[in-house]
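Observations on chain architecture
These are the residues of each chain, in order.
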Amino acid sequence: MMVVRLRRGVVGETRRVCHLVPVPDVSETPTEITALCGERILPGQAELLSGFRGMPCETCLALSARTLSPGLVHAS
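Nothing here was measured: the structure is a model prediction, and the numbers come from that model. (Residues numbered from 1 in each chain as written. Predicted model: local features only at pLDDT ≥ 70, side-chain atom pairs only at ≥ 80, totals over all residues. Heavy atoms only, no water.)

1. A closer look at the environment of Ser-64
- Following the sequence through the fold, Ser-64 ends up in helix H1 (residues 58-65).
- Separated by 44 residues in sequence, Ser-64 and Leu-20 have C-alpha atoms that sit 8.0 Å apart.
- Excluding anything up to four places from it in sequence, Ser-64 contacts Leu-20 and Leu-36.
- A polar side-chain atom of Ser-64 sits 2.9 Å from the main-chain carbonyl oxygen of Leu-61. (Helix = DSSP H or I, 4+ residues; strand = E, 2+ residues; numbered from the N terminus. Contact = heavy atoms within 4.5 Å. Polar contact = N/O pair within 3.5 Å; in protein donor to acceptor, adjacent residues only side chain to side chain.)

2. Considering the side chain of His-19
- Looking at the element boundaries, His-19 is found in strand S2 (residues 18-21).
- You can call His-19 buried: its relative accessible area is 3%.
- Apart from the residues within four sequence positions on either side, His-19 is in contact with Met-2, Val-3, Val-4, Ala-35, Cys-37, Glu-39, Cys-57 and Cys-60. (Buried < 20%, exposed > 50% of the residue type's maximum accessible area, 1.4 Å probe, protein only.)

3. Description of the pairing of strand S1 (residues 2-6)
- Extensive coverage of S1 is indicated by the burial of 5 of its 5 residues.
- Residues Met-2, Val-4 and Leu-6 of S1 are buried on one face, and the alternating residues Val-3 and Arg-5, pointing to the opposite face, are buried as well.
- Note: S1 against S2, 4 bridges, orientation antiparallel. Of the residues in S2, the one forming a bridge with Arg-5 is Cys-18.
- By the bridge criterion, 4 bridges tie S1 to strand S5 (residues 46-49) in an arrangement that is antiparallel. Bridge pairing links Val-4 to Leu-48 in S5. (Pairing = 2+ DSSP bridges.)

Remember that the coordinates give geometry; whether it matters functionally is a separate question.
The structure is reproduced here in structure tokens:
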């Protein structure tokens, strides 16, 4: 899973949230990537982050929680 954020100027500051994107399993650069929430991101529109920086996309987080690995435990 990758954490990406749209670059400044691509969208307004309030939409610059951290999205969760499955790592594409292709040998070539994809023409676009799609975040768990459905946000489509074109090459050059986003920056790859080493972790969450700022506000996370709430939809991406909610959808990722539904697919936790069996070894992970839901927070109570």
